[in-house]
Amino acid sequence: MDRQKRNLLLNGVGLILLGGVLFLFSRYGSDYHIRILNNMAIFITLAVSYNLINGICGILHLGPNAFVAIGAYTAALLTMSPMEKQLNFIIQPLIWPFSAVQAPFLLSLLAGGVMATVFAFLISFPVFRVRGDYLAIVTLGFGEVIRVLCNALQGVTNGPLGLKGLSPFTNLWWSWGVAVVTVLLITRLINSSYGLAMKAIRDDETAARAMGVDPFRHLLLAFLISAFFSGVAGGLLAHLITTISPSLFTFFLTFNLLIMIVVGGLGSTTGAVLGAMLFAWGGEALRIVESPMNLGLFTIPGIPGMRMVIFSVILMVVIIFVRRGIMGQKELSWGWIFDRNPR
Amino acid sequence: MTSTILLQQLINGISLGSLYGLVAIGYTMVYGILRLINFAHGDLLMFAAYIAIYAAALLALPWYLSFPLAVIATGLLGILLDRAAYKPLRNAPRISLLISAIGASFLLENLALVFIGGVPKAFPRPEIFDRVIPILGLRIQVLTLYTPVVTLVLLFGLLYIVFHTKVGKAMRAASKDFETTRLMGINLDRIISITFLLGSMLAAAGGIMWAMKYPQVNPFMGVFPGLKAFIAAVLGGIGNIVGAVLGGFLLGLGEILIVALVPEMAQYRDAFAFVILILVLLFRPTGIMGEPIIDKS
């Protein structure tokens, strides 16, 4: 059996196993477990697409929260019925095209992704004129501008009140389905000639240019694809928690994604997946430090902010002492497991 | 709009701008030497305000002692920040350094949240800054007038250090070339520490002035002044100290005037700075007074 067939078969088996686990959870798991699993899948989608920019292209982009917000608002505005929209927009009515349209969930998710991609395209010209710290601060600024717009454009976003009462369409199948598609597509991209070019730009942009790689074209491609999946994940997130407001999409979200991909290993899709899973699980496990603890005789009050202290310390320790994270730039693949001389 | 209101807004703009300028100097100094956006710079500003509050409340110090204490303590905190978060990464890729800076910023904010709490604290404004004096038919708080004066005095003090002392010469050398500076027998770590000390002390001065202007101190109060001051530094030409203050003035004036002239823009005020940043980077990436950026890798 040649490698390609074997890998296809193993992928299929893996997917069936994942499906089985999800089926068991959707049948017998508690709401709590299902919510963590949904979070996990959305984080995987976000982290893998974020890693495409930060890890593979080696560019510190600090604005994925903007694309998640755009995707979330677009998808939410499409799935809500005109009736619900009227109930939500009490201060200022929703402007025309949005007030009348309604679309099924899948279409809304895709529209959210497309809208995020359009915005990514619009800002790509100022963004990729600069590199390094400047690029970081411009993308961070873009995230802030989008947040300000979400607050200010009441006719579209309902301002600080946000959108309430979205239908909870997101279930395990949707969230994990999107996560699997994202991982497969982005892995294909990374292993293609485009991916090689992106890594070349990361390692040495001048040398890559000398070899005939056009940095702008490749960075733009990665940026658009990353924005698309971030937007789709935003739509999923909106229909998971069913209430969105501008405060959900601050720089804090970007910071969390940064922790995931740094801990997993910048530049590794496997690492991003592991980082996202660890974060979803660890974030829940660490909740105890913020909730009051009853020790029988006396109670320790919960300390808000303690979780973020721990996360920030983890981020700094990893970046200072174990810069490679869990995976470094390596990938876990069937070839790596079974072949003696993996390609 | 009447001319008195315009004048009032101009004064407010200059006052806000001089605060941005004060904080921007620290960004520009650190960037000049390490080529790093010190994301935690704004959070040092927040710590300065808290230290000033606690020095006044717990040690019962008068303001002319508590403020210098806060400035010195923040300066030392700046050195500690460099030693803990940036020094181990001197030879690492720049992306690691930036991520460490972001981590340090979140760490400082959340440490403040854990140990001090999220409830805003009132900043005790000394009475002498509270007086209101009439000028040209306007009633202006003296604090508004002192702020630009403080900024200019500190600016000239800093310019003296940078351009007329040995330490300043070493700092200027380090901003051009690490290796050669080291070959000249200069202790680079010491110079970097001094840079952080001076920059953080200026941030502290800015933080105290900020807290007197908006006397609500909370763990996240440094985020926006920090970001905007960085943009002011870019606007003025990163690495250039006079440019940072000039950029601060322009940004502060612009923010106040755009809201004064077009009141509907008030809710977009926080986006204004970033739009300016994008325009500057598109059309004049070196800023107003900047020299071409040297890539020090």
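Remember, it's a predicted structure, so these values are computed and weren't measured experimentally. (Residues numbered from 1 in each chain as written. Chains lettered and ligands numbered in written order. Predicted model: local features only at pLDDT ≥ 70, side-chain atom pairs only at ≥ 80, totals over all residues. Heavy atoms only, no water.)

Caption draft 1: The confidence of the model for chain A, seen in detail. Summarising the model, chain A shows a mean pLDDT of 90, and 96% of its residues fall at 70 or more. Mean pLDDT values over the elements of chain A span from 65, in strand 2 (residues 299-300) of chain A, up to 96, in helix 12 (residues 215-241) of chain A. (pLDDT = per-residue confidence, 0-100. Helix = DSSP H or I, 4+ residues; strand = E, 2+ residues; numbered from the N terminus.)

Caption draft 2: Spotlight on the packing of helix 1 (residues 3-34) of chain B against helix 2 (residues 41-57) of chain B. Residues and elements named next belong to chain B. Two elements in contact, helix 1 and helix 2, have axes whose closest approach is 10 Å; the angle formed by their N-to-C orientations is 130°. With respect to helix 2, the element helix 1 is oriented oblique. Handedness of the crossing formed by helix 1 with helix 2: right-handed. On helix 2, the residues that touch Val23, Gly26 and Tyr27 of helix 1 are His41, Gly42 and Leu45. Here the contact of helix 1 with helix 2 is built from residues that sort into three nonpolar, three polar and no charged. (Axes fitted to C-alpha atoms, helices over the stretch in contact; angles between N-to-C directions. Parallel < 35°, antiparallel > 145°, perpendicular 65-115°, else oblique. Left-handed = near helix turned anticlockwise from the far one by under 90°. Contact = heavy atoms within 4.5 Å. Nonpolar A, V, L, I, M, F, W, Y, C, P; charged D, E, K, R; others polar.)

Caption draft 3: Quick peek at the interface of chain A and chain B. With 41 residues of chain A in contact, the opposing surface of chain B contributes 42 residues. Of the roughly 3500 Å² buried where chain A meets chain B, counting both sides, 81% is carbon and sulfur surface. Linking chain A with chain B are one salt bridge, by the criterion used here. Arg94 of chain B is paired through a salt bridge with Asp133 of chain A; the nearest N and O atoms lie 3.0 Å apart. Along the contact surface separating chain A from chain B lie three residue pairs in polar contact (both at pLDDT 80 or more). For the side of chain A that touches chain B, the elements supplying multiple residues, two or more each, are helix 7 (132-152), helix 13 (251-264) and helix 15 (306-321) of chain A. Looking at the side of chain A that touches chain B element by element, the count peaks at 13 residues for helix 7 of chain A. Residues that form the side of chain A that touches chain B fall into these classes: 31 nonpolar, five polar and five charged. (Buried area = accessible area lost by both parts, 1.4 Å probe. Salt bridge = Lys/Arg side-chain N within 4 Å of Asp/Glu carboxyl O. Polar contact = N/O pair within 3.5 Å; in protein donor to acceptor, adjacent residues only side chain to side chain.)

Caption draft 4: Representation of the packing of aromatic side chains within the structure. Residues and elements named next belong to chain B. Per the counting criterion, the structure on display carries 25 aromatic pairs over all chains. Between Trp63 and Phe129 the ring centres are 5.2 Å apart and the planes differ by 70°, which places this aromatic pair in the edge-to-face class. Taken together, the residues Trp63 in helix 3 (residues 63-86) and Phe129 in the loop between strand 1 (121-122) and strand 2 (132-135) connect sequence positions 66 residues apart. When its relative accessible area of 32% is taken as the criterion, Trp63 is described as partly exposed. Ring plane angle 50° and centroid distance 5.2 Å describe the contact between Trp210 and Tyr214, whose orientation is recorded as tilted. (Phe/Tyr/Trp six-rings, centres within 6.5 Å; stacked < 30°, edge-to-face > 60°. Buried < 20%, exposed > 50% of the residue type's maximum accessible area, 1.4 Å probe, protein only.)

Caption draft 5: Fine view of the environment of Val118 of chain A. Residue and element names in this part refer to chain A. Relative to the helices and strands, Val118 is located in helix 6 (residues 105-127). Taking relative accessible area as the criterion, Val118 reaches 41% and is therefore assigned partly exposed. Spatially, the C-alpha atoms of Val118 and Ile59 are 20 Å apart, while their sequence positions differ by 59 residues.

Caption draft 6: Focus on the pairing of strand 3 (residues 138-141) of chain B. Residues and elements named next belong to chain B. Residue alternation in strand 3 divides its side chains into a buried set, Leu138 and Ile140, and an unburied set, Arg139 and Gln141. Two strands pair when backbone bridges link them, and strand 2 and strand 3 are joined in this way by four bridges, in the antiparallel orientation. By the bridge assignment, Pro134 is partnered in strand 3 with Arg139. Taking the residues that link successive antiparallel strands as the turn, the strand 2-strand 3 hairpin has two residues, and the phi of Leu136 there is positive, at about 50°. (Pairing = 2+ DSSP bridges.)

Caption draft 7: Representation of a nonpolar patch on the surface in the model. Residues and elements named next belong to chain A. Side chains of Val114, Val118, Phe121, Leu122 and Phe125 sit close together on the surface and give an oily, nonpolar patch of about 450 Å² of accessible area. For Phe125, the location among the structural elements is in helix 6. The exposure class of Phe125 is partly exposed, given its relative accessible area of 41%. (Patch = residues over 30% accessible without salt bridge, like charges linked within 9 Å, V, L, I, M, F, W, Y side chains within 5 Å. Areas by Shrake-Rupley, 256 points an atom, 1.4 Å probe, with all protein chains shown as cover.)

Caption draft 8: Quick peek at the nonpolar core. In this structure, Leu62 of chain A together with Tyr86 and Phe123 of chain B are the most contacted members of the largest nonpolar core, which totals 197 residues. Beyond its immediate stretch of four places on either side in the chain, Leu62 of chain A contacts Tyr50, Ala136, Thr139, Leu140, Phe251, Thr254 and Leu258 of chain A together with Phe39 and Ile102 of chain B. (Core = buried A, V, L, I, M, F, W, Y, C linked by side-chain atoms within 4.5 Å.)

Caption draft 9: Here's a closer look at the confidence of the model for chain B. With 97% of its residues at a pLDDT of 70 or more, chain B shows a mean pLDDT of 89. For this predicted complex, the interface confidence comes out at an ipTM of 0.88, alongside a pTM of 0.91.

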